[in-house]
Each structure stands twice: as C-alpha cells, then as structure tokens.
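Each chain, letter by letter, is given below.
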Amino acid sequence: MIGFEYYNPAKIVFGEDSEKKLRGLLEAYEVKSLLLVYSGDFIKDLGIYQVVSDAAKALGIKFSENGEVVPNPSIDLVRKLVEQGKKDGVDFVLAVGGGSAIDTAKAVAISIPYDGDPWDFFEKGVVPEEVLPIGVIATTASSGSETSNCAILSSGEWKLGFEDDRIIPKFAIMNPKFTAGLPAYPTFVGVADVLTHLLERYFSDEKNSDTTDYLIEGAIRALLVNADKLLIDLKDVNARGEIQWLASVAHNNFLDAGRRADWGSHRIEHELSAQYNIVHGEGMAVVFSAWAKYIAEKKPWRAALLASRVFGVDSYNYSEKERAYKFAYELKSFFGRIGLKTTLTELGIGKEDFDVMADRATRNGPVGHYYPLDKEEFKAVLELAV
C-alpha cells in the first residue's frame with residue numbers, strides 16, 4: 001500500500017427534498033451574485049429553477065443564468081460565461097445537471113478571476129491564483145463531478161482535463177427523485193460511466209491495498225445489482241439513489257487510497273469523443289470492453305482477481321488468463337444487457353483516424369499506469385474495439 005493524502009471538503013446533502021436546503025447553503029457563503037449553469041428547461045419541469053430563483057430573491061442575490069450546456073462541454077461556452085460573469089460581478093457558480101454542467105461551472109469558477117484565456121488551464125497547466133466557490137444540484141448519476149477535483153472540456157480537436165482541489169464543489173445536493181424521469185439510455189450511459197470510474201481505480205499495480213480492493217469490488221457489486229433493478233423498473237427511486245451515491249463514491253478520490261489508478265481507457269475514449277463527439281459513457285463501454293480483452297492477454301492478474309471476486313469465476317477451474325478473458329466477456333455482456341453499443345462499428349466509426357488519435361494521446365509518452373500503452377498499443381486496443 002503506497003502512501004497517500006485524501007482531501008474532500010464537499011458537503012453532501014442527500015435525499016428527498018434536499019434541494020430545499022439550498023437557501024441556507026447559499027447564505028452560509030454570503031453570496032452576492034450567483035451564476036446558474038444548466039442544460040435546458042428540464043430544471044424548470046423538476047422545480048429546481050424555482051427553488052434557485054426563490055432562494056436568490058429571499059437572500060437578495062443578484063441572479064444570472066445560462067442553460068446552453070451540451071454533452072462534451074465546450075471551452076467556447078466557458079469563454080462566453082466568463083465574460084458574462086465578470087460583467088455581473090459573479091462570486092458563486094451553481095451548476096444544475098450532470099457532469100457537463102458541473103465541469104462547465106468549474107471552468108468558469110477558475111476563469112472569472114483570471115485575466116487570460118480559460119483554455120490556458122487545460123492546455124498550458126496554468127495554476128489559478130483564485131477560484132470562485134461552486135455548488136451543485138445533481139440531476140444525473142454518472143460522472144461524479146459533483147464531488148471531484150477535476151473538470152474535462154473540449155476545444156473541438158482536443159479534450160483535456162484540469163485538476164485542482166479548489167474546484168471540488170462546496171456542496172452537492174442529491175435528490176434521487178430528480179433522476180427518476182431519465183429515459184433508459186441516459187440512465188445506463190451514466191451507469192457505464194460510474195462502472196468505468198471504479199474499474200480504472202481497480203486496475204492498479206499495487207498488490208497490497210486490500211481495503212481499497214474490497215471497497216471497489218463491493219461498489220461494483222452494488223452497482224450491478226441496482227442496474228439490474230432499473231432494468232426491471234426504471235423509476236425505482238431506491239435503486240437510483242444507490243447509483244447516485246455510487247457515482248460520487250466512484251470519483252471523489254477516496255478509492256484512490258493506497259494505489260495508483262490506470263486511466264488509460266479514459267485517455268482512449270477522450271480521443272474518440274473529441275474526434276467524433278460520441279457520448280462519454282457509451283464510449284467507455286466500447287473502449288473498456290476492448291481494453292479488458294487486450295489486458296487479459298498482456299497483464300491478466302487484476303482482471304482475473306475481479307472475475308473471481310465479483311463474477312464468481314472459480315480459480316480452481318480456470319487459469320489466470322482464462323479468468324481475465326471471462327471478465328472481459330462478462331463486462332461486454334453487461335454493457336450489452338443495459339442497451340449500450342460495445343463496438344466502434346456500432347457507433348459508425350472506422351479506422352481512418354486511429355493514427356491521428358494515437359499520436360495526440362501519446363504525444364507526451366504512453367498512457368495508463370497499470371499497463372502503459374504506447375502509440376501502437378493504443379491503436380491495438382482500438383482495433384479490438386472495431
């Protein structure tokens with residue numbers, strides 16, 4: 001078990017009617033000018049917009065808004081919001097929605113106090129001198145960005161991340177009922193996102209981190225159980241609550257304790273979604289299905305362990321490599337069962353851009369830590385995904 005530091009100051013307000021505590025949360029931060037960031041009128045249908053508006057009015061907060069966030073959020077919208085925020089003297093950014101709205105809000109929060117271009121933080125690694133406080137009302141169970149220290153944005157050609165503990169939201173309001181109206185596809189895309197966050201952390205070279213191993217395995221089992229419940233009843237609020245909490249658990253860095261996660265599969269998917277604007281969760285279903293098969297041949301021990309502990313594959317009857325291939329099969333089968341595509345062909349993506357994406361991703365060296373992928377290995381995983 002390697003040494004680690006864990007820090008996450010996000011206040012979680014979970015459960016039915018948790019949004020009603022927004023006023024007190026804003027009052028605690030003495031907010032004077034609030035920017036609300038979201039993606040469409042659904043927040044009005046859920047009653048969230050009225051809650052925010054009422055809280056702002058009661059506290060005398062200047063209130064501005066933008067509902068133009070889209071999946072794979074763009075730096076162009078951030079630039080627009082930063083200009084608006086500076087003009088309005090914004091001192092607090094509130095995101096309502098999922099990862100795209102939250103990551104947009106995070107980028108705005110580091111950029112309003114900054115005189116340069118917001119993309120500097122993502123492309124050049126500029127460290128912000130000041131960060132505005134961020135709050136979240138989560139309406140999906142997917143990215144876990146509501147309690148994470150990272151944000152992912154796209155410039156069109158590039159999809160890059162920024163990490164800083166100061167962009168961890170001050171609070172995250174999670175009412176599972178807000179997710180209950182989601183159709184099957186966005187629901188299960190979210191499940192895939194949560195699962196692959198757990199898997200990225202599980203695939204570590206650290207052999208002596210039993211506590212974190214068992215925590216991740218338990219989280220995966222809980223996710224699979226509750227995903228199956230949603231296949232039976234999509235409006236099962238208890239199952240949705242479990243998955244919403246798992247989304248945060250999977251990506252609040254607690255499960256990084258004592259180990260170094262892989263993240264190679266995410267680097268591959270980021271190239272795909274930058275190149276083709278595919279939905280991240282479904283992209284991860286495609287990539288991880290292929291990566292699991294690749295890793296079964298190259299470095300099978302972690303996949304074999306997971307196959308035995310989570311999927312019940314008997315180590316007496318199967319070799320390590322056979323168990324690793326069983327894991328790859330079970331994973332791909334699960335993604336198919338919840339209605340997601342699992343190949344690039346199904347997504348309408350061919351091989352013509354493999355070199356371009358591999359060059360971009362590996363420009364600074366191999367990607368991933370459990371099994372680092374150089375350019376040719378990066379392409380080999382994509383080949384398995386066809």
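Heads up: the structure comes first, above all this text.
Bear in mind that the values here come from a model prediction, so they are computed numbers and not experimental data.

Asks: Please give an account of the overall build of the chain that cites residues and values.
Replies: Of regular secondary structure, the chain possesses 15 helices and eight strands. Expected size for 386 residues packed as a compact globule is a radius of gyration near 21 Å; at 21 Å, the chain falls within 12% of this value. The principal-axis extent of the C-alpha atoms belonging to the chain is close to 65 × 45 × 45 Å. Put simply, of all contacts in the chain between residues at least 6 apart along the chain, 78% involve residues at least 24 apart. Side-chain charges in the chain split into 43 positive and 57 negative, and the spacing between the mean points of these groups amounts to 2 Å.

Asks: Let's hear about helix H14 (residues 354-361): which residues, and what values?
Replies: Residues Phe354, Met357, Ala358, Arg360 and Ala361 constitute the buried set of H14. Along H14, the residues classed as buried sweep out an arc of 160° about the axis, all on the same side.

Asks: Residues and numbers for the nonpolar core, please.
Replies: If you look at the biggest cluster of nonpolar residues, it comprises 67 residues, and the most contacted ones within it are Leu198, Leu199, Phe203, Ile220, Leu272, Phe327 and Phe335. For this core, the element with the highest residue contribution is helix H11 (residues 280-298), accounting for 11 residues. Setting aside residues no more than four positions away along its own chain, Leu272 makes contact with Asn277, Ile278, Val287, Leu344, Ile349, Met357 and Leu382.

Asks: Now, about the packing of aromatic side chains: what can you tell me, with residues and values included?
Replies: Under the counting rule described, the total for this entry stands at 20 aromatic pairs. Judged by centre distance (5.9 Å) and plane angle (15°), the ring pair of Phe92 and Phe171 falls under stacked. Residue Phe92 is found in strand E4 (residues 92-97), and its partner Phe171 is found in strand E8 (residues 171-174); the two are separated by 79 residues along the sequence. Residues Phe92 and Phe171 agree in their burial class; the two are buried. Consider the rings of Phe121 and Phe162, whose centres lie 5.8 Å apart with planes at 65°: the pair is edge-to-face. Of this pair, Phe121 sits in helix H6 (residues 119-123) while Phe162 is found in strand E7 (residues 159-163), placing the two residues 41 residues apart along the sequence. No difference in accessibility class separates Phe121 from Phe162, as the two residues are buried. Ring-pair connections join several aromatic residues into one group, and the members of that group are Tyr202, Phe203, Phe288, Trp291, Trp301, Phe311, Phe327 and Tyr370.

Asks: Which residues make up the sheet that holds strand E2 (residues 33-37), and what values go with them?
Replies: Ordered in space as E1-E8-E5-E4-E2-E3, the six strands form an open sheet in which the pairing is parallel. Since the sheet does not close on itself, it has two edges, and those belong to strand E1 (11-14) and strand E3 (62-66), each with one partner. Strand after strand, the sheet turns through a mean of 15° between neighbouring axes, direction not considered. Pairing geometry for strand E5 (residues 134-138) and E8, over four bridges, is parallel. In the strand pairing of E8, Val136 is matched with Ala172.

Asks: Report on the pairing of E2, specifying residues and quantitative values.
Replies: Counting buried positions over the five residues of E2 gives five, a clear majority of the element. Here E2 shows a buried face lined by Ser33, Leu35 and Val37 and a second buried face lined by Leu34 and Leu36. Judged from the five bridges that link them, E2 and E3 form a sheet pairing that is parallel. By the bridge assignment for E3, Leu35 is matched with Ser64. Pairing between E2 and E4: four bridges, direction parallel. Each residue of the ladder has a partner; that of Leu34, found in E4, is Phe92.

Asks: Would you mind going over a nonpolar patch on the surface in detail, with residue names and values included?
Replies: A surface patch of nonpolar side chains, about 500 Å² in accessible area, is lined by Met1, Phe4, Tyr6, Leu215 and Phe254. Within the secondary structure, Leu215 sits in helix H8 (residues 210-232). On the basis of relative accessible area, Leu215 is assigned to the partly exposed category, the value being 37%.

Asks: Got a sec to walk through the side chain of Ser209? Specific residues and values, please.
Replies: Locating Ser209 in the fold gives a position in the loop between helix H7 (184-202) and H8. With a relative accessible area of 1%, Ser209 lands in the buried category. For Ser209, the side chain forms a polar contact with the side chain of Arg259, separated by 2.7 Å.

What counts and what doesn't
As a convention, each chain's residues are numbered from 1 in the sequence order in which they are written. With the structure being a predicted model, the display of local features is reserved for residues of pLDDT at least 70 and the display and counting of side-chain atom pairs for 80 or more, all residues being used for whole-chain, interface and lining totals. Calculation of side-chain values draws on the structure's entire complement of heavy atoms; hydrogens and water are dropped beforehand. Counting from the N terminus, the helices are DSSP H or I runs at least four residues long and the strands are E runs at least two residues long. Here the radius of gyration uses the C-alpha set of atoms, whereas the globule reference equals 2.2 Å times the residue count to the power 0.38. It only takes one pair of heavy atoms within 4.5 Å for two residues to be counted as in contact. Only four residue types enter the charge count, namely Lys and Arg as positive and Asp and Glu as negative; His and the chain termini do not. Here the site of a charge means NZ on Lys, CZ on Arg, CG on Asp, or CD on Glu. Exposure classes here rest on a 1.4 Å probe applied to the protein chains alone. A residue is buried below 20% of its type maximum, exposed above 50%, and partly exposed in between. The arc in question is formed by the directions pointing from the helix axis toward the C-beta atoms. Residues belong to a common nonpolar core when they are buried Ala, Val, Leu, Ile, Met, Phe, Trp, Tyr or Cys residues joined through side-chain atoms within 4.5 Å. A pair of aromatic rings is counted whenever rings of Phe, Tyr or Trp (Trp by its six-membered ring) have centres within 6.5 Å, and the orientation is called stacked for planes under 30 degrees apart, edge-to-face for over 60 and tilted otherwise. Following DSSP output, two strands are said to pair if at least two bridges run between them. Angular values range over 0 to 180 degrees, each being the angle between N-to-C directions of two axes fitted as lines to C-alpha atoms, with helices fitted over their stretch in contact. Surface patches are defined over residues having more than 30% relative accessible area and no salt bridge, joining like charges when they lie within 9 Å and nonpolar side chains (Val, Leu, Ile, Met, Phe, Trp, Tyr) when within 5 Å. Note on areas: Shrake-Rupley, 1.4 Å probe, and residue coverage restricted to the protein chains presented here. Within this document, salt bridges are pairs made up of a side-chain nitrogen of Lys or Arg and a carboxyl oxygen of Asp or Glu, the two lying within 4 Å of each other. Each polar contact in these results corresponds to two N or O atoms within 3.5 Å; when the atoms are within protein, one needs to be able to donate a hydrogen and the other to accept it, and residues that are neighboring in sequence are counted only if both atoms are side-chain atoms.

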